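Take a look at the letters that make up each chain.
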Number of protein chains: 8
Amino acid sequence: MNIEEILSEVQEGRLTAADASDILKKEGYMEMQYAKLDAGRKERTGFAEVVYCSGKADEHLISIYKRIYQSEGEVFGTRASMHQFELLKDTIPGITFDPVSRILKAGGEQKDLKGKIAVCTAGTSDIPVAEEAAQTAEFFGTYVERVYDVGVSGLHRLMSRAEQISDANCIVAVAGMEGALPSVIGGLVSCPVIAVPTSIGYGANFGGLSALLTMINSCANGIAVVNIDNGYGAGYLATQINRLAAGS
Amino acid sequence: MNIEEILSEVQEGRLTAADASDILKKEGYMEMQYAKLDAGRKERTGFAEVVYCSGKADEHLISIYKRIYQSEGEVFGTRASMHQFELLKDTIPGITFDPVSRILKAGGEQKDLKGKIAVCTAGTSDIPVAEEAAQTAEFFGTYVERVYDVGVSGLHRLMSRAEQISDANCIVAVAGMEGALPSVIGGLVSCPVIAVPTSIGYGANFGGLSALLTMINSCANGIAVVNIDNGYGAGYLATQINRLAAGS
Amino acid sequence: MNIEEILSEVQEGRLTAADASDILKKEGYMEMQYAKLDAGRKERTGFAEVVYCSGKADEHLISIYKRIYQSEGEVFGTRASMHQFELLKDTIPGITFDPVSRILKAGGEQKDLKGKIAVCTAGTSDIPVAEEAAQTAEFFGTYVERVYDVGVSGLHRLMSRAEQISDANCIVAVAGMEGALPSVIGGLVSCPVIAVPTSIGYGANFGGLSALLTMINSCANGIAVVNIDNGYGAGYLATQINRLAAGS
Amino acid sequence: MNIEEILSEVQEGRLTAADASDILKKEGYMEMQYAKLDAGRKERTGFAEVVYCSGKADEHLISIYKRIYQSEGEVFGTRASMHQFELLKDTIPGITFDPVSRILKAGGEQKDLKGKIAVCTAGTSDIPVAEEAAQTAEFFGTYVERVYDVGVSGLHRLMSRAEQISDANCIVAVAGMEGALPSVIGGLVSCPVIAVPTSIGYGANFGGLSALLTMINSCANGIAVVNIDNGYGAGYLATQINRLAAGS
Amino acid sequence: MNIEEILSEVQEGRLTAADASDILKKEGYMEMQYAKLDAGRKERTGFAEVVYCSGKADEHLISIYKRIYQSEGEVFGTRASMHQFELLKDTIPGITFDPVSRILKAGGEQKDLKGKIAVCTAGTSDIPVAEEAAQTAEFFGTYVERVYDVGVSGLHRLMSRAEQISDANCIVAVAGMEGALPSVIGGLVSCPVIAVPTSIGYGANFGGLSALLTMINSCANGIAVVNIDNGYGAGYLATQINRLAAGS
Amino acid sequence: MNIEEILSEVQEGRLTAADASDILKKEGYMEMQYAKLDAGRKERTGFAEVVYCSGKADEHLISIYKRIYQSEGEVFGTRASMHQFELLKDTIPGITFDPVSRILKAGGEQKDLKGKIAVCTAGTSDIPVAEEAAQTAEFFGTYVERVYDVGVSGLHRLMSRAEQISDANCIVAVAGMEGALPSVIGGLVSCPVIAVPTSIGYGANFGGLSALLTMINSCANGIAVVNIDNGYGAGYLATQINRLAAGS
Amino acid sequence: MNIEEILSEVQEGRLTAADASDILKKEGYMEMQYAKLDAGRKERTGFAEVVYCSGKADEHLISIYKRIYQSEGEVFGTRASMHQFELLKDTIPGITFDPVSRILKAGGEQKDLKGKIAVCTAGTSDIPVAEEAAQTAEFFGTYVERVYDVGVSGLHRLMSRAEQISDANCIVAVAGMEGALPSVIGGLVSCPVIAVPTSIGYGANFGGLSALLTMINSCANGIAVVNIDNGYGAGYLATQINRLAAGS
Amino acid sequence: MNIEEILSEVQEGRLTAADASDILKKEGYMEMQYAKLDAGRKERTGFAEVVYCSGKADEHLISIYKRIYQSEGEVFGTRASMHQFELLKDTIPGITFDPVSRILKAGGEQKDLKGKIAVCTAGTSDIPVAEEAAQTAEFFGTYVERVYDVGVSGLHRLMSRAEQISDANCIVAVAGMEGALPSVIGGLVSCPVIAVPTSIGYGANFGGLSALLTMINSCANGIAVVNIDNGYGAGYLATQINRLAAGS
């Protein structure tokens with residue numbers, strides 16, 4: 001029952017004021033505007049629930065996957081392990097695990113991918129994070145162009161792919177080490193660039209901090225940054241932007 | 001001349017191969033795809049050039065403002081000072097300075113503001129950064145809803161304004177101190193949230209680092225972060241997203 | 001109108017369901033449980049509003065002080081400056097400024113101070129922060145015992161004052177430099193200790209970070225930490241604890 | 001013997017001045033005011049000794065558990081391992097190990113839990129730290145309300161539990177990642193909030209530093225912070241406050 | 001085809017303007033000035049491609065080594081593991097692995113080493129990084145003088161080797177812990193000094209940060225710094241300088 | 001009265017047990033072993049009280065200087081300003097101010113300087129900190145050899161002074177920037193070396209942090225470090241060591 | 001006298017063994033190999049002494065400038081102020097001060113500039129540091145090509161200048177904010193690149209730390225880094241490399 | 001041969017000037033003042049060479065131990081492992097390994113321990129570092145008083161041991177977590193205190209950084225700090241001070 005329904009019930013005498021008050025209090029703020037957030041997540045926001053697998057206890061993971069798969073017909077998780085795939089492969093039909101992106105998923109009709117984003121990486125070591133971003137975006141219905149290994153120390157590689165990224169609605173730029181790729185891309189395109197620092201590197205990269213600082217301090221326009229190695233977050237945000245552009 | 005034109009000139013004998021080669025080399029990569037970047041910036045990207053006033057020498061600032069004003073009919077600068085306003089007020093007709101946002105601008109027809117973004121702040125001290133974002137977005141033709149002083153330590157303030165932000169194409173969330181506002185907003189809306197940490201605070205805020213880390217680590221979906229106090233960058237990026245949504 | 005009243009209005013036909021829904025949505029979450037937070041702050045929480053003066057524009061400060069003074073009969077602000085005192089001294093009758101604690105206050109009947117807290121400092125340079133804590137607590141009706149300059153490099157000073165702090169409901173321990181005072185006090189008393197790092201020191205104290213880390217890592221039980229130089233926060237929290245102990 | 005007894009012995013000739021002096025010196029400062037700290041800990045402070053199991057050598061742990069169990073009839077340890085449980089399970093009758101909170105305990109009559117605190121977490125990954133806090137508080141006789149998984153990116157979850165926490169004497173708010181939960185709770189309640197940052201997260205959370213800085217910089221009133229993952233410290237401090245409130 | 005050739009083809013009618021445009025666009029910026037960067041790397045820069053082995057998947061490493069060995073007759077990789085050596089030893093004839101420098105290489109005629117650089121270390125624990133630098137430089141044809149274990153806490157060791165380094169074209173100075181060696185060497189020689197901080201040490205060395213800061217802040221002239229443990233980068237840069245000096 | 005005296009009074013009936021208990025409690029721990037710490041400081045430790053002038057209020061400074069001068073016949077303060085000298089020059093006869101070391105002192109008979117320490121600096125900019133150390137040591141009766149501007153980037157300067165430092169009981173080594181001097185000295189001498197990092201430098205020296213880390217990580221034996229710019233602390237500690245060596 | 005000369009004097013009886021020993025000891029290590037370092041600096045290393053003006057006392061600066069000018073006929077200082085220029089302009093004939101580079105110099109015949117280096121900047125704000133580098137290199141006889149404002153967010157600017165830098169013996173790449181310029185240049189050229197981070201920027205640039213980390217972590221080959229804003233150091237090192245290449 | 005001897009040889013014609021020059025150059029600075037540093041280490045400084053075992057290759061460790069044992073009759077190593085003990089136990093007669101201090105030693109007559117130092121720890125977890133300090137000092141002939149588990153959160157424990165430390169020539173104070181112990185001890189004694197931060201703790205202790213900063217910022221006089229967990233360095237320095245005091 002939403003507010004209007006509750007009030008109608010009161011008006012029509014089927015509910016006392018006291019009972020209506022109790023319902024409103026108990027359900028709290030949920031019923032007012034952002035109600036049933038989890039249950040209705042997909043309908044409301046267009047984004048189904050995604051499972052962050054890392055660190056989940058075995059029995060919890062199994063029950064979560066089963067519940068989502070049963071209610072949604074598909075389930076998608078990030079930061080999974082081979083062990084977690086073994087756990088679930090007999091329970092969830094057709095479940096697959098990609099050891100690069102660490103995505104563990106099952107079901108889902110063949111999706112009609114819309115719009116276009118590009119996911120670029122500076123090096124080949126950044127590909128796992130990029131794949132997390134790309135596959136997340138695809139799960140949410142976005143068409144993804146992959147442009148990998150185009151780091152700034154060999155600009156010709158990026159230049160030769162420039163046309164492929166020029167009509168994207170959003171670029172996800174993934175880079176570790178010095179993390180300069182988003183600045184260069186930001187100077188080439190006019191769409192938003194989501195910068196993803198990775199923990200790739202050694203020495204004074206401090207687990208990705210150097211790349212994060214580079215990106216946050218970018219002098220190019222139209223760049224914003226997500227957490228180190230957060231491919232999922234970038235894929236999600238790129239999808240939001242792509243949907244706005246695609247009018248969906 | 002673009003590549004096709006140059007090649008036609010060669011084919012038709014009006015240009016020797018050597019001269020054509022010189023032109024291509026001299027103009028370099030510019031003529032290939034992203035040519036005449038600065039001169040054609042506004043036409044190409046829809047974003048006129050913006051002046052970062054802070055630290056500019058007096059004579060440089062004057063000449064830059066005059067040049068842009070003459071060619072564009074309008075000029076817009078950020079991080080300006082009262083002194084810089086004094087310098088320019090007799091030179092650029094109708095120039096105005098807003099001491100809160102530190103924006104120094106002149107000219108520009110009344111713009112038709114399109115789409116909608118919301119700029120929110122946690123406290124009143126964050127307003128200067130928010131105004132830099134909001135006025136930048138307005139300069140670029142974006143309709144801006146201002147929702148100030150809705151920090152998370154008094155949630156009712158944000159809740160009472162929730163409807164005003166629910167239909168924005170993008171939210172700019174500005175906060176210093178603990179910087180938690182973007183996370184809360186990110187849980188309430190389904191559009192992208194651009195988080196702007198500010199240097200407001202004292203003690204262990206380390207010039208905005210605490211708010212930056214909070215925002216980068218946000219557990220909400222659809223959030224990306226710009227540099228500390230970078231209202232301009234947020235306003236620019238929000239405009240890019242708003243234009244994609246508005247189909248302009 | 002609270003929920004019950006709105007619902008009664010509906011039940012009795014004086015309000016349509018649609019109008020009631022509008023009211024509930026507009027007032028949002030406020031009317032449900034934590035409504036009218038600011039207006040009713042003092043009645044609800046027992047804590048009147050306190051003004052953070054630093055950085056406030058002159059006209060804003062004047063209007064805030066006048067509004068609070070008129071509605072509450074007293075007004076209390078922290079981090080004020082001599083300039084702000086000059087601004088207000090002709091407007092707010094009997095306003096006083098303490099250059100040590102930087103507290104700017106006016107009005108208020110002589111309060112009946114209840115319970116007991118102790119505010120301790122390691123050195124004399126920590127006294128400004130300690131006074132902010134102590135005077136804040138006194139403004140909120142707490143009896144405060146001041147025990148200053150009892151740093152750990154001369155333990156006898158603390159020992160000779162031990163009895164004075166042994167029956168407090170809460171200790172506020174203020175220290176800069178190495179910040180060891182709260183650990184030592186935590187081992188001597190059985191009540192909660194609120195540790196306040198100060199920015200006093202030089203070199204590797206990094207603006208109070210060294211004292212903050214010391215306090216956060218304390219091996220004594222019953223210690224929690226507030227921000228560097230945050231005397232106000234400590235005085236507020238100590239008052240909450242003292243009221244719980246005093247049953248008020 | 002306390003000071004009065006020693007002096008009486010001297011006065012009555014049963015003790016020479018020299019012997020009395022020796023006793024006083026040997027027992028040092030202990031006998032003066034805070035004597036027999038360890039032996040009399042429980043009687044004096046109401047807090048029995050708690051064992052920090054992590055890193056203890058096997059034989060030390062066994063002898064400590066045996067000694068405390070024999071003298072107190074109960075023993076309670078934190079940060080224990082399954083290996084340590086195996087070590088002790090044949091030695092201490094009825095000893096139990098909770099792999100979530102890592103608490104290893106035995107004995108203790110059924111306690112009469114008094115007052116009320118609430119332990120809240122932002123996510124499910126924060127539960128181990130929360131359980132350390134909750135079980136510590138229960139061991140010390142505090143009634144604990146658990147309110148888990150109410151992070152700020154989905155405010156409705158917290159709102160729907162608001163009534164449950166509104167009458168607590170103290171809230172322990174446990175959060176990793178961006179650590180915003182304590183600020184939001186601090187704005188909702190009028191009792192003290194003990195903020196516990198956790199090391200949950202990745203990338204730029206730097207082992208909990210981001211959450212720690214968020215909490216230290218909170219703009220809400222009535223918040224203080226303990227070390228990263230220090231559930232025990234929060235449970236102890238919450239118990240101190242709860243006892244003051246409950247008059248015990 | 002380079003630009004001139006393409007244009008000649010057009011001029012002579014063997015290529016249409018449209019096809020020429022396609023070629024130029026597809027090859028992008030490569031053909032203009034810095035073309036065929038990877039394929040022609042060795043010819044153009046004199047530096048063959050080097051493989052960074054760490055983290056490479058087994059199949060990738062095998063194919064990369066085979067491809068380079070077949071086309072170049074030699075292959076050189078850094079940060080390899082014994083496991084990677086096992087993988088390749090049956091595939092690449094004569095491949096060798098040095099467990100100290102972790103260099104995995106095969107082929108290459110006996111090179112004529114030119115010029116002279118010196119590679120110095122502060123301690124014996126810095127030798128692995130130094131060997132990576134030295135062997136890299138040797139692979140690129142540089143004569144290397146090794147001067148190990150000449151740290152500043154025993155200056156006589158460095159002094160007794162002074163003559164050996166005095167005629168080098170470039171010094172690579174490798175040091176962990178306090179990292180003072182480059183400053184001392186910088187005061188003794190007049191050639192460039194490349195400082196390599198290592199992660200050797202414990203406690204407050206923070207993985208090499210202390211040595212990095214020492215070197216960056218050196219008060220000696222003619223010193224520049226590469227990343228922590230980056231022996232390869234130092235060997236490469238030293239070779240560039242040595243070649244300039246040797247006129248090759 | 002010490003413990004024995006109090007007990008005798010009790011034994012002889014001149015003091016009741018209750019009164020004796022009161023005295024002992026009131027004087028606390030002071031009378032037991034480390035009593036009258038401040039009053040008897042000079043007699044007990046051989047170190048007169050030193051005034052830390054920085055940040056002291058004018059009236060406080062005047063009264064402190066007068067009190068110490070009257071009771072001791074001499075007074076010595078560090079981190080003083082020219083303004084503070086002006087304040088005191090008419091009040092304290094013969095007071096002098098050294099703008100380099102910022103020491104403000106008066107009185108004191110010509111002292112008989114004993115033993116020997118050496119105070120060395122890397123550069124001339126480190127001299128103010130070195131002079132604070134040297135003059136502090138001289139005030140406490142230590143003979144000081146000054147060896148300035150002997151930084152490691154020009155080793156011959158240090159070598160030519162080696163004999164002068166070889167028979168010191170303790171070396172104070174003062175250095176900013178890369179802070180390598182103590183390591184080199186530590187390798188040359190067999191006496192303790194007290195390392196004093198200074199805030200001299202720019203860029204990545206982070207206010208002396210780089211020098212501090214260098215010194216803490218020194219691979220030389222016999223080195224310990226004091227706070228950045230803490231010349232006073234080094235002079236004090238060097239005096240303690242010198243006295244032990246000189247048997248005074 | 002060098003060692004051979006001293007020994008000859010002894011052999012020929014013109015010097016006693018004792019006197020020779022005294023001379024050797026007094027001159028210490030200087031006479032052995034790196035003797036008369038300062039006096040003979042220019043002859044030995046080809047680099048005249050340069051004055052670091054910042055923080056020098058007025059009288060010291062005057063005497064240093066006079067001494068060097070008299071003995072060398074020219075004098076060159078960095079980080080000078082307008083005040084210092086005023087001090088010296090009547091004393092040193094023809095002295096000039098450049099407020100951009102802050103270089104204060106006098107005398108010197110017109111130098112014959114040799115070889116070629118390029119000094120590049122990302123933005124116009126980096127020019128002061130670049131000019132310090134360029135003018136230092138010119139003072140030491142190096143031909144300098146200036147390529148300013150070619151930051152990576154507008155690559156066409158750098159590309160159009162590529163030919164100008166392609167034949168340099170060394171590139172000095174100066175950049176603040178995200179500091180990505182050296183990586184891009186490193187991918188374009190085959191000569192050494194000296195990266196100079198600047199403190200230009202705001203927010204999370206932390207006084208140049210972000211640019212420093214970017215440069216240290218560069219994935220391009222042939223790059224080394226000097227301290228933040230250290231234009232002098234880069235100009236010095238570039239000159240060393242240029243001389244090696246030019247065979248001078 | 002020292003300088004005088006060489007010169008005499010020359011004077012007497014038994015050595016040519018050229019040969020003498022060669023000898024002087026080859027032996028370099030060693031023969032002048034600090035010659036034969038390693039071979040003569042024990043005779044010259046009174047400190048035999050100590051082996052840092054951690055990270056040493058097996059064969060290196062064996063050969064080092066054998067060489068030292070044969071020439072000195074005793075051998076002493078720190079940071080050893082059980083594996084290293086196994087390696088050596090059949091080779092070096094009577095070698096012993098202490099798993100707490102990780103010291104691996106053999107031989108040495110029963111030493112006559114002189115003077116007195118005290119080694120104190122805050123907790124029991126700090127004992128491994130303390131034992132490294134204590135056993136190092138004992139190896140060098142120092143009498144050591146152990147005072148363990150006297151942390152500042154239970155001051156009575158330290159007070160009851162005060163007499164034991166009051167006559168030491170030097171105190172080594174070892175503490176992790178908040179690291180406050182040295183400050184408290186520094187206020188109690190008049191001898192030098194060497195503070196040793198340990199990496200004991202969790203959360204915001206950052207591997208011992210918190211304790212290090214606490215100790216560096218200590219407001220007590222007479223304290224200096226060594227690296228985190230550097231028990232060896234503290235034992236060495238304490239021995240130097242003890243020897244100065246004991247006149248040996």
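Described below are features of the structure shown in this document. (Residues numbered from 1 in each chain as written. Chains lettered and ligands numbered in written order. Predicted model: local features only at pLDDT ≥ 70, side-chain atom pairs only at ≥ 80, totals over all residues. Heavy atoms only, no water.)

Focus on the interface of chain H and chain F
So, step 1. Counting from both sides, the interface comprises 32 residues of chain H and, opposite them, 33 residues of chain F.
So, step 2. In total, chain H and chain F occlude about 3,000 Å² of area from one another, counting both sides; carbon and sulfur atoms represent 60% of this.
So, step 3. For the pair chain H and chain F, the interface holds zero salt bridges.
So, step 4. Linking chain H to chain F there are seven residue pairs in polar contact (both at pLDDT 80 or more).
So, step 5. Looking at which element gives the most residues to the side of chain H that touches chain F, the answer is helix α11 (residues 231–246) of chain H, with seven residues.
So, step 6. The residue makeup of the side of chain H that touches chain F, split by class, is 20 nonpolar, ten polar and two charged. (Contact = heavy atoms within 4.5 Å. Buried area = accessible area lost by both parts, 1.4 Å probe. Salt bridge = Lys/Arg side-chain N within 4 Å of Asp/Glu carboxyl O. Polar contact = N/O pair within 3.5 Å; in protein donor to acceptor, adjacent residues only side chain to side chain. Helix = DSSP H or I, 4+ residues; strand = E, 2+ residues; numbered from the N terminus. Nonpolar A, V, L, I, M, F, W, Y, C, P; charged D, E, K, R; others polar.)

Re the relation of the copies chain H and chain F
So, step 1. Rotating chain H by 180 degrees and translating it 0.1 Å along the rotation axis places it on chain F, where the RMSD comes to 0.1 Å. Here the two chains are linked by the operation of a two-fold rotation axis. (Least-squares fit on C-alpha atoms with pLDDT ≥ 70 in both.)

Re the interface of chain E and chain G
So, step 1. Taken together, the contacts link 33 residues of chain E with 32 residues of chain G.
So, step 2. With both sides pooled, the region where chain E packs onto chain G buries about 2,900 Å², and carbon together with sulfur makes up 60% of that total.
So, step 3. Counting across the chain E and chain G interface gives seven residue pairs in polar contact (both at pLDDT 80 or more).
So, step 4. When contributions to the side of chain E that touches chain G are tallied by element, the ones reaching two or more residues are α3 (41–45), α8 (162–166), α9 (181–188), α10 (209–216), β9 (223–225) and α11 (231–246) of chain E.
So, step 5. Each residue belonging to the side of chain E that touches chain G can be placed in one class, and the counts come to 20 nonpolar, eleven polar and two charged.

Notes on the relation of the copies chain E and chain G
So, step 1. Superposition record for chain E on chain G: RMSD 0.2 Å, screw rotation 180 degrees, translation along axis 0.0 Å.
So, step 2. Both copies share a contact surface, since 97% of the interface residues of chain E are interface residues in chain G too.

What to know about the sheet that holds strand β3 (residues 96–98) of chain D
Residue and element names in this part refer to chain D.
So, step 1. Pairing within the open sheet is mixed, and its four strands lie in the order β1-β2-β4-β3. If you trace the sheet from one side to the other, it starts and ends with β1 (51–52) and β3, each paired once.
So, step 2. Across two bridges, the pairing between β1 and strand β2 (residues 74–78) is parallel. Residue pairing for β2: V51 is matched across the bridge by G77.
So, step 3. Across the face of the sheet, helix α4 (residues 58–72) comes into contact with β1, β2 and β4 (103–107) while running at roughly 140 degrees to β2.
So, step 4. Its contacts with the sheet put helix α6 (residues 127–139) on β2, β3 and β4, and the angle it makes with β2 is roughly 160 degrees. (Pairing = 2+ DSSP bridges. Axes fitted to C-alpha atoms, helices over the stretch in contact; angles between N-to-C directions.)

Describing the sheet that holds strand β2 (residues 74–78) of chain G
All names here are of chain G.
So, step 1. Taken together, four strands build an open sheet; the order of strands is β1-β2-β4-β3 and the sheet is mixed. Two strands close off the open sheet at either side, each with one partner strand: β1 (51–52) and β3 (96–98).
So, step 2. Of the strands in this sheet, β1, β2 and β4 (103–107) are in contact with helix α4 (residues 58–72), which crosses β2 at around 140 degrees.
So, step 3. Helix α6 (residues 127–139) rests against β2, β3 and β4 of the sheet, and its axis sits at about 160 degrees to β2.

Remarks on the side chain of E178 of chain B
So, step 1. Tracing the chain through its elements places E178 of chain B in the loop between β7 (170–175) and α9 (181–188).
So, step 2. Of the polar contacts made by the side chain of E178 of chain B, one reaches the side chain of S183 of chain D; its length is 2.4 Å.
So, step 3. Excluding residues that lie within four positions of it along the chain, E178 of chain B makes contacts with V152, A211 and T214 of chain B together with S183, T214, N217, S218, C219 and A220 of chain D.

A closer look at the pattern of salt bridges
All names here are of chain A.
So, step 1. In total, this model carries 56 salt bridges over all chains according to the counting rule given.
So, step 2. Between R157 and D149 there is a salt bridge whose closest N-O contact spans 3.4 Å.
So, step 3. Connected through salt bridges with shared partners, the residues E131, E138 and R146 form a single ionic network.

Considerations on the environment of A162 of chain G
All names here are of chain G.
So, step 1. Looking at the secondary structure, you find A162 in helix α8 (residues 162–166).
So, step 2. Classification of A162 by relative accessible area gives buried; the value is 1%.
So, step 3. Each C-alpha atom of the pair A162 and V10 lies 62 Å from the other, and the pair is 152 residues apart in sequence. (Buried < 20%, exposed > 50% of the residue type's maximum accessible area, 1.4 Å probe, protein only.)

Considering the environment of E109 of chain G
Residues and elements named next belong to chain G.
So, step 1. Among the structural elements, E109 can be located in the loop between β4 and β5 (114–121).
So, step 2. The class of E109 is exposed, set by a relative accessible area of 59%.
So, step 3. Note: C-alpha distance between E109 and S199 (90 residues apart in sequence) is 34 Å.

Focus: the packing of helix α6 (residues 127–139) of chain E against α11 of chain E
Residues and elements named next belong to chain E.
So, step 1. Contact geometry of α6 with α11 gives a least axis separation of 7 Å together with a crossing angle of 35 degrees. Relative to α11, the crossing made by α6 is right-handed. Residues V129, E132, A133, T136 and A137 of α6 lie in contact with α11, whose contacting residues are G231, Y232, G235, Y236 and T239.
So, step 2. Broken down by class, the residue content of the contact of α6 with α11 amounts to five nonpolar, four polar and one charged. (Left-handed = near helix turned anticlockwise from the far one by under 90°.)

Focus: the pairing of strand β2 (residues 74–78) of chain A
Residue and element names in this part refer to chain A.
So, step 1. Along β2, five of the five residues are buried, which leaves the element largely enclosed by surrounding structure.
So, step 2. Both faces of β2 are covered, namely the face carrying E74, F76 and T78 and the face carrying V75 and G77.
So, step 3. Taken together, strand β1 (residues 51–52), helix α4 (residues 58–72) and β2 form a β-α-β motif whose crossover is right-handed.
So, step 4. Note that β2 and strand β4 (residues 103–107) share four bridges and pair antiparallel. In the strand pairing of β4, G77 is matched with L104. (Right-handed = clockwise from strand over helix to strand, strands pointing away.)

As far as function goes, none of this settles anything; it's purely spatial.
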